Amino acid sequence: MSTPVRTALISTAGHCEVACSFCFRADRARGFLTTATYTRALSRLKETGVEGVCLTGGEPTHHPDLPQLVRLALQFGMTVFLATDSRRWRARWPDGAPTEAK
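Every value quoted in this text rests on a predicted model; they were computed, and no experiment measured them.

What counts and what doesn't
- Residues numbered from 1 in each chain as written.
- Predicted model: local features only at pLDDT ≥ 70, side-chain atom pairs only at ≥ 80, totals over all residues.
- Heavy atoms only, no water.
- Helix = DSSP H or I, 4+ residues; strand = E, 2+ residues; numbered from the N terminus.
- Contact = heavy atoms within 4.5 Å.
- Pairing = 2+ DSSP bridges.
- Axes fitted to C-alpha atoms, helices over the stretch in contact; angles between N-to-C directions.
- Salt bridge = Lys/Arg side-chain N within 4 Å of Asp/Glu carboxyl O.
- Buried < 20%, exposed > 50% of the residue type's maximum accessible area, 1.4 Å probe, protein only.
- Core = buried A, V, L, I, M, F, W, Y, C linked by side-chain atoms within 4.5 Å.
- Expected span 1.5 Å × (residues − 1).
- Arc of directions from axis to C-beta.

Asks: Now, about the side chain of Thr 56: what can you tell me, with residues and values included?
Replies: Summarising the element assignment, Thr 56 is placed in strand S2 (residues 52–56). Excluding residues within four positions of it along the chain, Thr 56 makes contact with Leu 9, Ile 10, Ser 11, Thr 12, Ala 13 and Ala 83.

Asks: Can you explain the sheet that holds strand S3 (residues 79–82)? Please cite residues and give values.
Replies: Spatial ordering of the open sheet is given by S1-S2-S3, a layout of three strands whose pairing is parallel. The outermost strands of the open sheet, each flanked by one partner alone, are strand S1 (7–11) and S3. The mean angle between the axes of side-by-side strands here comes to 25 degrees, regardless of whether they run parallel or antiparallel. Sheet topology places S1 next to S2; five bridges connect them, and they run parallel. Among the inter-strand pairings, Thr 7 is bridged to a residue of S2, identified as Gly 52.

Asks: Tell me about the pattern of salt bridges, and name the residues and values.
Replies: Going through the model one piece at a time under the given rule, you end up with one salt bridge. Note that Glu 51 and Arg 6 form a salt bridge whose closest N and O atoms lie 3.3 Å from each other. Note that Glu 51 is positioned in the loop between helix H1 (35–47) and S2 and Arg 6 in the segment before S1, a separation of 45 residues in sequence. The class of Arg 6 is partly exposed, set by a relative accessible area of 46%.

Asks: Provide a residue-level description of the environment of Cys 20, including the pertinent values.
Replies: One can find Cys 20 in the loop between S1 and H1. Cys 20 sits 65 residues away from Asp 85 along the chain, and the two C-alpha atoms are 9.7 Å apart.

Asks: How would you explain the nonpolar core if you had to name every residue and give the values?
Replies: Counting 14 residues, the largest nonpolar core has Ile 10, Tyr 38, Leu 42, Leu 45, Val 53 and Leu 55 as its most contacted members. Here this core gets five residues from one element, more than from any other, and that element is helix H2 (residues 66–75). In this view, Leu 42 contacts Ile 10, Val 53, Leu 72, Ala 73, Phe 76 and Met 78; residues no more than four positions away in its chain are not counted.

Asks: Run through the environment of Val 53, naming residues and quoting values.
Replies: By the secondary structure assignment, Val 53 is in strand S2. On the basis of relative accessibility, which here comes to 0%, the residue Val 53 falls in the buried class. When near neighbours in sequence (up to four residues on either side) are disregarded, Val 53 contacts Thr 7, Ala 8, Ile 10, Tyr 38, Leu 42, Leu 45, Ala 73, Met 78, Thr 79, Val 80 and Phe 81.

Asks: Can you explain H1? Please cite residues and give values.
Replies: Spanning 13 residues, H1 covers 18 Å between terminal C-alpha atoms, matching the ideal 18 Å at 1.5 Å per step. Every buried residue of H1 is listed here: Tyr 38, Leu 42 and Leu 45. All buried residues of H1 fall inside an arc of 70 degrees around its axis, so they share one side. In H1, the exposed residues that point more than 90 degrees away from the buried face are Arg 44 and Glu 47. Those residues of H1 hidden inside the fold are in contact with S1, S2 and H2. Directly beyond the C-terminal end of H1, a positive phi value near 95 degrees is found at Gly 49.

Next up, the structure:
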C-alpha cells in the first residue's frame, strides 16, 4: 500500500540571494516558472489527489507573479506553503498574503 502525496514542492524561481549550505537547489538556475506551466501542474496534481503545494525556489518571493501563483493554488482548493528566507516578505506582501481565491 503506497502513501498518497499530500503536498508537492514547486520551484517557482531559480535564483536566491542567500547561499544556504543545506539548500537542495545546487544548480542555482535563473528564471521563473511560467503561469501556464504552473496552472497545468496544479491541474495534474489536483487530479492525483495532492492537497497542497509548497512554493520554493531559489527564493519564491523573487517571482514577479507570486500573488497570482498563490491565488491560483487556492482556486484549485489547495493549501499553500512558502519555503522562503523571508527577506523580501514585507515588500511583496505589505497587506499580508492572500488567504482566499479571488
